[in-house]
Amino acid sequence: ATILHLVHNLIHEEEETEDKPSQHRMQNVGEQGHMALLGHSLAAYISVLDRERLRKLTTRILSDTTLWLCRLFRYENGSAYFHEDNRDGLVKVCRLIINARYEEYASEGYSVLSFKQPIIYQSASCRPGLGQHLCSQLGLPLSSLCTVPCNTIFGSQHQMDVALLDKLIKEDVEAGKLPLLLIANAGTPGAGHTDKLGRLKDLCDQYKMWLHVEGVNLATLALGQVTSAVMAATRSDSMTLTPGQWLGLPAVTAVTLYRHEDPALSLAAGLTSSQPVEKLRALPLWLSLQYLGHNGIVQKIKHAAALVSITSLPLNHRPSLLHFCLCVEDELNSPVVLFKFSQEMSAASSGGSVEGYCAGEKEVLDAFNRWLGEQLAQLVPTSGVDVVELEDEGTCVRFSPLLTAAVLGTQHKDVEDLVEKLMELVPVMSSTMCLRQDFREETHRHAATLRYMEELSWPGLGAVRYEPQAEEMDESRRKQELEKINTELLKKLQELDTDIVFSTGPEFGTEEGFIFIGMVTEDVDVSELVDTIAALGRDIEESGRLLENMTEVVRKGILEAELQLQKANEEKLMEEGMLRQLPLVGSVLNWFSPVQSSIKGRTFNLAAGIVLTNTHLVHFLSLCFLTGQRLFQRPGASSDSFSETSSIGQADETTREESVTVSSSIHPPPTPPAPEDSHTGSDVSPQEVQESSEQVQAQVETEEASEERPSEDQEVEQSFR
């Protein structure tokens, strides 16, 4: 239980760290899938049987599975090799051919290949890296690999050019080379097109070459009606099948069917084995084929073919989907649907203009089609659509249910949802493509504040960046300011109530600070959008500049206050002398000869940006009281709503000295002012403290009496005027 818990944590540890749950397409493991998984554990148990019983059992399993596959896919008198890597069967077939064509290869080895260099021919549309893998596994130089171009004038652009292949073979024969193998496709990996297998087989018989066929269209051999192009694959010398993908069987090996009469050469090439354990590779497929039966297998392949027809018909006949260019084969029951977004169709249907995109037209369309494939895969994950890169058509969206329908459990409802999502995304892509030019022109109109970037690989309206207007900043300072403003601008744009997506764009390959705008609908006002971006950027820059100015004012005020305090300390030192600064001597001197401190408190006026002493502050508060003006209020404001009491309340009442000073400046006290040689701290005598308290109490009583006599207050104000 502990080990199983550890395995569970290892599987789900990435999901725990992610904020959003993963939306990866999971394989639909039905009961037939459990049967295939059971075969792996059952094979491990069977391997512990005694050798004789194991030999009989594995021979029966291997022979039954081979016979069923040959009958199911119309491959008579064939043998089967089961392998994990779907390229491994072709490697073993190549070794078989080398052993058969070079009689002394078993004894002399690779030295016999130097007399006649073997040549392997493959189509330009075959799996990427397949030929290089063969050469590396067989120890052959890359010069032994010949890539045959596809048709350029007649026929499909994904089919091998048979006439050109014939010419290449003749040239190699004349050069003393040995044509060894031809790899053909019954359903290319990208577009699903089938080569002219009949003509290729005749050409191989003419030059005594081996014909190997692979591709997804080989699955249709199990159906009752098979096209002639695919039916010709049954004449090939070998072909590789992937029943696990076609039937939705997890962890099931690939199978290579081949025809050869010499079992010794097959054993030397590794196509057969004398080890009974290796024959157990066929057990999961043996169990699954029995569980599904012939009818179940045919039904799964037929269901996938039906999904293709209900997908291609809406794309061909619905006017709303004219923005797409279908790239399907010219056969009615082709198992692959390939489509892409077409700029010409988009411009013609919407009446917009796409001038200015001729140079990067292909790159822009590739970006849009890549976005389309990703959106469809995310919105309808069970459809199994993916994105493919083709040499001539560029980026396209592919729907190949033979590869995905059984694995993902795709149903008719999923295909209907796929077509529905297509109809929703088409107008958005069309309007965005047409408005890209308008967006570029609008940003150029705001060239003083906005900078437009021509990012052809971005599937959206475009990319823009706000440029700071300050010119006195250096390069590093300007870069920091630019990043700060655009980061804040992106946050504000994302907070807007709109369906437009604003982001930082691709992770790599773009300049810093740009804001990328995604797809938009046709009702979007591009000029208003650009104006909003410019206005928000301007507001962010001005608010940041105001904050910087306030920070600078505060900093200067602090420095000025520090200088004034330092100057006051120096004046105090000059007045009191050095002896008074000594701890013991200073106390004695202060006792015999007290001195009055001249240090005054200071206040920093944030609005005015200046440092005020207590004297200035009192004068400032007095003026505010007399004019009825609030603190930091601009001149000319009304003073009727503010009383004298509230105005006085704005003053600093933390010290008794300031309260007395303010009161005495407005209402002359009835008691005489304190003498100039008053003392502070411990130097003040009790008698002086009592007199001072009586003086303050008299002043407060005078103020209370003055509030009851408004006529006297008016006379005081007139006297001040």
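Residues numbered from 1 in each chain as written. Predicted model: local features only at pLDDT ≥ 70, side-chain atom pairs only at ≥ 80, totals over all residues. Heavy atoms only, no water.

### What to know about the overall build of the protein
The line we're drawing: A run of H or I in DSSP counts as a helix once it spans at least four residues, and a run of E counts as a strand once it spans at least two, with each numbered from the N terminus. With a 1.4 Å probe rolled over the protein chains alone, any residue whose accessible area is under 20% of its type maximum counts as buried; one over 50% counts as exposed, and the rest are partly exposed. Any two residues whose heavy atoms approach within 4.5 Å at even a single point are treated as in contact. Here the open area of atoms and residues is found with the Shrake-Rupley method and a 1.4 Å probe, where only the protein chains shown may cover a residue.
If you tally the helices and strands in the protein, you get 25 helices and 17 strands. The burial tally for the protein puts 43% of its 721 residues in the buried class. The contacts of the protein with a sequence gap of at least 6 include a subset with a gap of at least 24, amounting to 69%. Looking at the protein as shown, the accessible area adds up to about 39700 Å², and 54% of this sits on carbon and sulfur atoms.

### Details of the packing of aromatic side chains
Spelled out, the test is: Stacked, edge-to-face and tilted are the three classes for Phe, Tyr and Trp ring pairs, Trp counted by its six-membered ring, which pair at centre distances within 6.5 Å; planes under 30 degrees apart are stacked, over 60 edge-to-face, the rest tilted.
One pass over the structure, following the stated rule, counts six aromatic pairs. Ring centres 5.7 Å apart and planes at 90° place the aromatic pair Tyr105 and Tyr110 in the edge-to-face group. On the basis of relative accessibility, which here comes to 16%, the residue Tyr105 falls in the buried class. In this structure Tyr110 comes out as partly exposed when scored by relative accessible area, which is 46%.

### Re helix α18 (residues 475-494)
Where we set the bar: What a helix should span is 1.5 Å times the count of its residues minus one. The arc in question is the one spanned by the directions pointing from the helix axis to the C-beta atoms.
Over its 20 residues, α18 extends 28 Å from the first C-alpha to the last, a length consistent with the 28 Å expected when each residue adds 1.5 Å. Residues Glu481, Leu482, Ile485, Asn486, Leu489, Leu490 and Leu493 constitute the buried set of α18. Here the buried residues of α18 occupy an arc of 165° about the axis, which is enough to place them on one side. Away from its buried face, by an angle of more than 90 degrees, α18 presents the exposed residues Gln480 and Lys484.

### Section: the sheet that holds strand β14 (residues 502-503)
Applicable threshold: Strands pair, by our definition, only if DSSP identifies at least two bridges between them.
With antiparallel pairing, four strands are arranged side by side in an open sheet as β12-β13-β15-β14. If you trace the sheet from one side to the other, it starts and ends with β12 (450-453) and β14, each paired once. Where β14 meets strand β15 (residues 515-517), two bridges bridge the pair, whose relative direction is antiparallel. By the bridge assignment for β15, Phe502 is matched with Ile517.

### Let's talk about helix α3 (residues 51-72)
Taking 1.5 Å per residue, 22 residues should reach 32 Å; α3 reaches 31 Å between its end C-alpha atoms and fits that length. Inspection of α3 places Leu54, Thr58, Ile61, Asp64, Thr65, Thr66, Leu69, Cys70 and Leu72 among the buried residues, and these make up the whole buried set. Just beyond α3, the residue with positive phi is Arg74, at close to 60°.

### Digging into the pairing of strand β9 (residues 337-341)
Burial runs high along β9: five of the five residues are buried. Relative to strand β11 (residues 394-399), β9 runs antiparallel, the two being bridged by three bridges. Bridge pairing links Val337 to Phe399 in β11.

### Some words on unusual backbone geometry
Unlike most non-glycine residues, Lys208 shows phi in positive territory, near 55°. Along the polypeptide, Lys208 turns up in the loop between α8 (197-206) and β5 (210-214). Within the chain, Ala251 stands out as a residue other than glycine whose phi angle is a positive 60°. The class of Ala251 is partly exposed, set by a relative accessible area of 48%.

### With respect to the packing of helix α4 (residues 88-101) against helix α6 (residues 130-138)
Condition: As a rule, the C-alpha atoms of each element are fitted with a line to give its axis, helices using only the stretch in contact, and angles between N-to-C directions run from 0 to 180 degrees. Here the word oblique covers every angle except those under 35 degrees (roughly parallel), over 145 (roughly antiparallel) and from 65 to 115 (roughly perpendicular). Here is the rule for handedness: rotate from the far helix to the near one, and if that takes an anticlockwise turn smaller than a right angle the crossing is left-handed, while a clockwise turn gives right-handed. When residues are grouped by polarity, Ala, Val, Leu, Ile, Met, Phe, Trp, Tyr, Cys and Pro land in nonpolar, Asp, Glu, Lys and Arg in charged, and all others, Gly among them, in polar.
At a closest axis distance of 10 Å, the pairing of α4 and α6 adopts a crossing angle of 55°. If you check the angle between α4 and α6, you find them oblique. Crossing of α4 against α6: the hand is right-handed. Residue-level contacts link Leu90, Val91, Cys94 and Arg95 of α4 to Leu130, His133, Leu134, Gln137 and Leu138 of α6. The residue inventory of the contact of α4 with α6, partitioned by class, reads six nonpolar, two polar and one charged.

### Digging into the pattern of salt bridges
To keep it simple, the criterion reads: For this document, the term salt bridge refers to a Lys or Arg side-chain nitrogen within 4 Å of an Asp or Glu carboxyl oxygen.
Applying the stated criterion across every chain yields a total of 19 salt bridges. A salt bridge links Arg55 to Glu52; its shortest N-O distance comes to 2.6 Å. Note that Arg55 and Glu52 are positioned in helix α3 at a spacing of three residues, about one turn of the helix. Relative accessible area serves as the criterion here: at 39%, Arg55 is assigned to the partly exposed category.

### A look at the sheet that holds strand β2 (residues 118-123)
One open sheet holds the seven strands; their spatial order is β1-β7-β6-β5-β4-β2-β3, and the pairing between them is mixed. Because the sheet does not close on itself, it has two edges, and the strands there are β1 (79-83) and β3 (145-148). Taking each pair of neighbouring strands and ignoring which way they run, the sheet shows an average axis angle of 20°. Pairing of β1 with strand β7 (residues 254-258) involves five bridges; the strand directions are antiparallel. Across the sheet, the residue bridging to Phe82 is Val255, located in β7. α6 contacts β2, β3, β4 (178-185) and β5 of the sheet and is inclined by roughly 155° relative to β2. The sheet contacts of α8 involve β4 and β5, and relative to β4 the element is tilted by about 170°.

### Side note on the environment of Met160
Mapping Met160 onto the fold places it in the loop between β3 and α7 (162-174). Residues Met160 and His193 lie 33 residues apart in sequence; the distance between their C-alpha atoms is 10.0 Å. Discounting residues that sit within four places of it in the chain, Met160 has contacts with Gln122, Ser123, Val148, Pro149, Cys150, Asn151, Leu165, Leu182, Ile183, Asp195 and Leu200.

### Observations concerning the side chain of Asp172
What counts, and what does not: Note that His is not counted, nor are the chain ends; the positive residues are Lys and Arg, and the negative ones are Asp and Glu.
Counting through the fold element by element, Asp172 comes out in helix α7. An unpaired buried charge is present at Asp172: no salt bridge exists, and Lys177, the closest side chain of opposite charge, is 4.3 Å distant. When near neighbours in sequence (up to four residues on either side) are disregarded, Asp172 contacts Ile119, Tyr121 and Lys177.

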